[in-house]
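Observations on chain architecture
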Amino acid sequence: LTTIPTPGADLAPVSPRRLSRASTGADAVFTVGARTVGASVLVITGGVGAFLAWQAYPTLRRYGWSFFTESQWQPDQDVIGIAAVLCGTVSVALVAMFFAFPLALLTALYISEYAPVRIRSTLVALIDLMAAVPSIVYGLWGFFLVMPHAAELALWLQRHLGWIPVFQVHDTDPGAATWDATRYVSSAFCAGIAVSMMVMPMACAVMRQVFSQTPPGEKEAALALGATKWGMVTSVVLPFGRGGIIGGTMLGLGRALGETIAVVLIVSPAFEVKPRILEVGTSTVSSLIAGRFGEASTSQLSALLAAGFVLFLITLVVNTGAAVVVNRSRSGAGVD
Amino acid sequence: MTLTPSTTQPPSYDLAPPPATVLPSYDDDVAPAVPRLGLGKASPDERFAKVGSWVAGLALAWVVTQRLLPLDGLPWLLIAWFSLGVAVSAVTAGMTGGRIEVKDRVAESLVTGAALLVGAAVVSTVVFVALRGWRPLLHLNFWTDDMSGVGPKDGFDTGGILHAITGSAIELAIALLITLPLGIGTAVFMTEVGGRFARIVRTVVEAMTALPSIVAGLFVYTVFIIALGQPRSGLAAGLAISVMILPIIARASDVVLRVVPGGLREASLALGASRWRTVWHVVLPTARPGLATAVILGVARGVGETSPVLLTSGAAAFLVTNPTDGVMNSLPLFIYSNVRSGEPVAIERAFAAATALLILVLVLFTLARVLARPRGNRPPLRSRLARRRPSDLETR
């Protein structure tokens, strides 16, 4: 028989259960542990940035704007400035991107659209492997294999395009019977070629990933309407992948700005603001640090840290811009 | 009443009679049917035009560079071949089609040419380094000896890179010990715990991936060696590598964990598992291949980076196994210092060490690819081999 429970008089009045999302037991340990790990990583990584800023501050206050406009780096005479090294950094990075951008874009297009399907995954692995090759290997390649040819190319550029200020080389006669090769090696141009090999696979990997996510329906629609393959690429793939193209290029640029060892191997240091990329001698922020940290006193170390901080800020801006562009664009959907 | 099939004409309505079915009849004189060519494939004409244009381009390039203009050497021939080949294929495309076909053909040539150029650059890098450094690699002592007491001009039958390999391994182990728990732990925190604080951590970690490697080295140099007064050591180098690759590994692991399907997590939670068990038994095993790839690629980046090691470890010529004991060498640093010495023998040794470094990176990379391969699609290698042996032989 069914009995209806009757609340006894001695029972406490019914009240809603208290719900809590706070974790208990092992979960609480897990949450707290994960939070601790996150906090410690925040402290470590954020600490590096904060430390750099803190160390850079005395130098920036002491030299003021002249730190950015002075081109000499002579701590003995209390003359310190990063105009020349910044100019060198930018010119090496621009040369690198001049070679890396078209190659990365076309290679990404080849892999995602033109390559036979059978070898596609092999090519993807090859590009990833290129990105993992140590930079010192590219430095060796650039120094011993490419530089002699790059010097010839530089001479040719000076002979035929020498009226453009960028391609001028001072103290040489381009028409001479025997050319002075030493004026054309160890330049920003040569370093840029080696650096381009480092940043190209990075940019290419990002672009290829975005291209491969182009909706196949839209590609087939373009082909069904009678577009040639190139017409399909320009009307569907490139507009869809615009975010990836810009983002990948900027990521590569960020890496090119901070590249050290290949540049140190190739360039001969010179502290001079010059846009003449073919001429021997230049300096980048990272090669300055690599060359001068050994004999630096505490105050000079602070100056080097300030230079490193400025470089970090520049790459930070470039990388953040890249992330924003990739995330904003339509191709960013689903791309992490 | 019986049903008898009516053999008479159907009752005629005032309509045209329905068309009779016609059986297809085979005509013996018609040539046998051949399978149609694939619609997407190029016809023989087109293929001939494509290949012929490039052959014509090569011939023209030879005439131009070797006979007409003073442009000797292989590079000019290749450049001329490429540009003339593009031009000739544009002309042949223009003979049969319009502007659109010309553009298509030129674009295809450019894209393929660029890919070939990149491939040539990769192959030239690897082959060049291996060709210049293969001689020391053949000596056994190159792998089992260190450089103590060996001058830069001494032959290859003395000295080796054991100390550099050991140093690299130790520094890498230190870096892994630090970054593996911290990096993956942070990624777990950012994806599984979440909240406002996790967003801050993610922003900072993403920002710090922009840290140039030399600045990471300079940071450890300033703090650990100058401020704390420690000697240059393998430990300092390991710390510098950690500072450099920690954001990289954390960010890559974060990306991997974020693509674990939410349905898996919810299913586990719905079955009553706690959040901790969900992470440990569902999320991390699902993401295992991706995490392995993220870590190994970060490690490959760390092992090849010279600049942090250059500032922090100092170069020892002898075998050091204690990371706190003072100067220690590593492969990138060994290569750098030997190249810088300018001695031909030392440079050749540097190339040999670079080949060893390339092999190391290749091994790490292959490991990452093997671990990242999705499981379940293909049975493991051993069972595939076992299955093939008897049955295949019988059927063939």
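Residues numbered from 1 in each chain as written. Chains lettered and ligands numbered in written order. Predicted model: local features only at pLDDT ≥ 70, side-chain atom pairs only at ≥ 80, totals over all residues. Heavy atoms only, no water.

Remarks on the overall build of chain B
Counted only if it meets this: Secondary structure is summarised from DSSP: a helix means a run of H or I of at least four residues, a strand means a run of E of at least two, and numbering begins at the N terminus for each. Only protein chains enter the accessibility calculation, which uses a 1.4 Å probe; a residue is then buried when its area is under 20% of its type maximum, exposed when over 50%, and partly exposed in between. By the convention used here, residues are in contact when the closest approach between their heavy atoms is within 4.5 Å. The method behind every accessible area is Shrake-Rupley, applied with a 1.4 Å probe, and residues are considered shielded solely by the protein chains displayed.
Of the regular secondary structure elements, chain B holds 15 helices and 0 strands. Expressed as a percentage of the 396 residues in chain B, the buried residues total 41%. When contacts within chain B are restricted to residue pairs at least 6 apart in sequence, long-range pairs at least 24 apart make up 68% of them. Accessible surface, chain B: about 22,400 Å² in total, of which carbon and sulfur atoms supply 66%.

Observations regarding the overall build of chain A
Rules: This radius of gyration counts C-alpha atoms alone. The globule rule is 2.2 Å times how many residues there are, raised to the power 0.38. By the counting rule applied here, Lys and Arg register as positive and Asp and Glu as negative, while His and the ends of each chain are not counted. Positions of charges follow a simple convention, taking NZ of Lys, CZ of Arg, CG of Asp or CD of Glu.
When helices and strands are counted, chain A shows 12 helices and 2 strands. From first element to last, N terminus to C terminus, chain A shows the α and β order α-α-β-β-α-α-α-α-α-α-α-α-α-α. Here the C-alpha atoms of chain A give a radius of gyration of 28 Å, more than 25% beyond the 20 Å that 2.2 N^0.38 yields for 336 residues. Its C-alpha atoms give chain A principal-axis dimensions of about 120 × 65 × 30 Å. Burial status across chain A gives 51% buried among its 336 residues. Sequence-distant contacts in chain A: of pairs separated by 6 or more residues, those separated by 24 or more amount to 74%. About 15,800 Å² of surface is accessible on chain A, with carbon and sulfur atoms providing 64% of the total. Seen as two clouds, the 20 positive and the 18 negative side-chain charges of chain A have centres 10 Å apart.

Focus on the packing of aromatic side chains
Rules: Each aromatic pair joins two rings of Phe, Tyr and Trp (for Trp, the six-membered one) with centres within 6.5 Å, and gets the label stacked for planes under 30 degrees apart, edge-to-face for over 60, and tilted for any other angle. Whether a charge sits over a ring depends on NZ of Lys or CZ of Arg being within 6 Å of the ring centre and within 35 degrees of the ring normal.
One pass over the structure, following the stated rule, counts 15 aromatic pairs over all chains. With centroids separated by 5.4 Å and ring planes inclined at 55°, the aromatic side chains of Trp65(A) and Phe68(A) adopt a geometry described as tilted. A centroid spacing of 5.1 Å and a plane angle of 90° characterise the contact between Phe293(A) and Tyr221(B), whose relative ring orientation is edge-to-face. Of this pair, Phe293(A) sits in the loop between helix 11 (285-292) and helix 12 (298-328) while Tyr221(B) sits in helix 7 (residues 213-227), placing the two residues on different chains. Across the pair, Tyr221(B) and Phe293(A) agree in class, each one buried. The structure contains a cluster of three or more aromatic residues connected by ring pairs, namely Phe143(A), Phe144(A), Phe128(B) and Phe351(B). One cation-aromatic arrangement involves Lys229(A) over Tyr114(A); the distance from NZ or CZ to the ring centre is 5.2 Å. Note that Arg132(B) overlies the ring of Phe144(A), its terminal NZ or CZ placed 4.9 Å from the centroid.

Quick word on the interface of chain A and chain B
To keep things clear, this is the line we draw: Put simply, a salt bridge is a Lys or Arg side-chain nitrogen that is within 4 Å of an Asp or Glu carboxyl oxygen. We define a polar contact as two N or O atoms separated by no more than 3.5 Å, with the added condition that, inside protein, one atom must be a possible hydrogen donor and the other a possible acceptor, whereas residues neighbouring each other in sequence contribute only through side-chain atom pairs. In the scheme used here, Gly and all other residues not listed as nonpolar or charged are polar, with Ala, Val, Leu, Ile, Met, Phe, Trp, Tyr, Cys and Pro taken as nonpolar and Asp, Glu, Lys and Arg as charged.
Contacts between the two partners involve 70 residues from chain A, matched on the other side by 81 residues from chain B. Counting across the interface, chain A meets chain B through 0 salt bridges. Scanning the region where chain A abuts chain B turns up 7 residue pairs in polar contact (both at pLDDT 80 or more). Here the side of chain A that touches chain B gets 19 residues from one element, more than from any other, and that element is helix 1 (residues 25-63) of chain A. Residue composition of the side of chain A that touches chain B, by class: 45 nonpolar, 18 polar and 7 charged.

Observations concerning the packing of helix 8 (residues 234-258) of chain B against helix 11 (residues 288-304) of chain B
All names here are of chain B. We count it as follows: Axis definition: a line fitted to C-alpha atoms, over the contacting stretch in the case of helices. Angles run 0 to 180 degrees between N-to-C directions. An angle below 35 degrees is treated as roughly parallel, one above 145 as roughly antiparallel, one from 65 to 115 as roughly perpendicular, and anything else as oblique. For a crossing to be left-handed, the near helix must be turned anticlockwise from the far one by less than a right angle; the clockwise case is right-handed.
Two numbers describe how helix 8 lies on helix 11: the axes approach to 9 Å, and their chain directions differ by 155°. As summarised for this structure, helix 8 and helix 11 are arranged roughly antiparallel, according to the angle between their axes. You can see that helix 8 and helix 11 cross each other, and the crossing is right-handed. Taking contact as the criterion, the partners of Ile241, Met244, Ile245, Ile248, Ile249, Ala252, Ser253 and Val256 in helix 8 are, on helix 11, Gly290, Leu291, Ala294, Val295, Gly298, Arg301 and Gly302.

With respect to the nonpolar core
We apply this condition: Within this scheme, the nonpolar core is defined by two criteria: the residues are buried Ala, Val, Leu, Ile, Met, Phe, Trp, Tyr or Cys, and they are joined through side-chain atoms within 4.5 Å.
Counting 184 residues, the largest nonpolar core has Trp73(A), Phe189(A), Leu304(A), Leu211(B), Leu218(B) and Ile335(B) as the members making the most contacts within it. Leave out the neighbours within four places in its chain, and Phe189(A) touches Val95(A), Phe99(A), Ala150(A), Leu153(A), Ala154(A), Leu157(A), Ile277(A) and Leu278(A). Residues Ile170(B), Ala316(B), Val320(B) and Met328(B) belong to the second largest nonpolar core, which totals 5 residues.

Let's talk about the confidence of the model for chain B
Residues and elements named next belong to chain B. So the rule is basically this: The predictor rates its confidence in each residue with pLDDT, a number between 0 and 100.
On average, chain B scores 81 in pLDDT, and the residues at 70 or more come to 88%. Low pLDDT (under 50) marks residues 389-396, which in the prediction has 1 contact with non-local residues, meaning those over four places away or in another chain. Confidence metrics for the complex model read pTM 0.81 and ipTM 0.82.

A few points about the side chain of Thr228(A)
One can find Thr228(A) in the loop between helix 7 (216-224) and helix 8 (229-240). Ignoring any residue separated from it by four or fewer positions in sequence, one finds Thr228(A) in contact with Leu223(A), Ile100(B) and Asp104(B).

Focus on the side chain of Glu171(B)
Residue and element names in this part refer to chain B. Considering the arrangement of structural elements, one finds glutamate 171 in helix 5 (residues 162-193). The charged side chain of glutamate 171 is buried without a salt bridge, its nearest counter-charge being arginine 232 at 11 Å. Contact partners of glutamate 171, with chain neighbours within four places excluded, come to Gly234, Ala237, Gly238, Ile241, Val309, Ser313, Met328, Asn329 and Ser330.

Concerning helix 3 (residues 99-137) of chain B
What counts here: For a helix, the expected span equals 1.5 Å multiplied by the residue count minus one. Two axes are fitted around each residue, one to the seven residues ending there and one to the seven starting there, and the angle between them is reported as the bend at that residue.
Between its terminal C-alpha atoms helix 3 of chain B stretches 56 Å, which fits the 57 Å expected from 39 residues at 1.5 Å a residue. The largest bend in helix 3 of chain B amounts to roughly 40° and is located at Leu131(B).

Observations concerning the pattern of salt bridges
All names here are of chain B. Here the structure, examined in full by the defined rule, presents 8 salt bridges over all chains. The closest approach of N and O atoms between glutamate 206 and arginine 251, which form a salt bridge, is 3.6 Å. Here arginine 251 lies in helix 8 and glutamate 206 lies in helix 6 (residues 196-208), a separation of 45 residues in the sequence. By relative accessible area, glutamate 206 is classed as partly exposed at 27%. Among the residues examined, arginine 251 registers a relative accessible area of 32% and is labelled partly exposed.

A closer look at the environment of Lys50(B)
Residue and element names in this part refer to chain B. Mapping lysine 50 onto the fold places it in helix 1 (residues 44-68). In the structure, lysine 50 is positioned 197 residues away from proline 247 in sequence and 48 Å away in space, judged by C-alpha atoms. Those residues within four positions of lysine 50 in sequence are excluded, and the remaining contacts are Arg105 and Glu108.

So, the packing of helix 5 (residues 135-161) of chain A against helix 6 (residues 188-211) of chain A
To characterise two packed helices, one gives the angle between the axes of the helices and the distance between these axes. Residues and elements named next belong to chain A. The geometry of helix 5 relative to helix 6 is characterised by a closest axis approach of 7 Å and an angle of 135° between their N-to-C directions. Comparing their axes, helix 6 and helix 5 come out oblique. The handedness of the crossing between helix 5 and helix 6 comes out as right-handed. For the pair formed by helix 5 and helix 6, the contact residues are Ser135, Tyr138, Trp141, Gly142, Val146, Met147, Ala150, Leu153, Ala154 and Leu157 on the first element and Phe189, Cys190, Ile193, Ala194, Met197 and Met198 on the second. In terms of residue class, the contact of helix 5 with helix 6 is built from 14 nonpolar, 2 polar and no charged.

Regarding a nonpolar patch on the surface
What counts is decided by this rule: Without a salt bridge and with relative accessible area above 30%, a residue can belong to a patch; like charges are then joined within 9 Å and nonpolar side chains (Val, Leu, Ile, Met, Phe, Trp, Tyr) within 5 Å.
Among the surface-exposed residues, Val123(B), Val127(B), Leu131(B), Trp134(B) and Leu138(B) lie close enough to one another that they form a single nonpolar patch of about 530 Å² accessible area. Tracing the sequence through the fold places Leu138(B) in the loop between helix 3 and helix 4 (141-144).

Details of the state of the cysteines
All names here are of chain A. Keep this limit in mind: Defined by distance alone, a disulfide is two cysteine sulfur atoms within 2.5 Å.
Tallied over the full model, the rule gives 0 disulfides over all chains. Unpaired in terms of disulfides, cysteine 87 finds its nearest cysteine sulfur in cysteine 190, a separation of 16 Å. By relative accessible area, which is 22% here, cysteine 87 ends up partly exposed.

Some points on helix 11 of chain B
End to end, helix 11 of chain B covers 24 Å across 17 residues, agreeing with the expected 24 Å (1.5 Å per residue, within 8%). Burial of helix 11 of chain B is extensive: 13 of the 17 residues sit out of reach of the surface.

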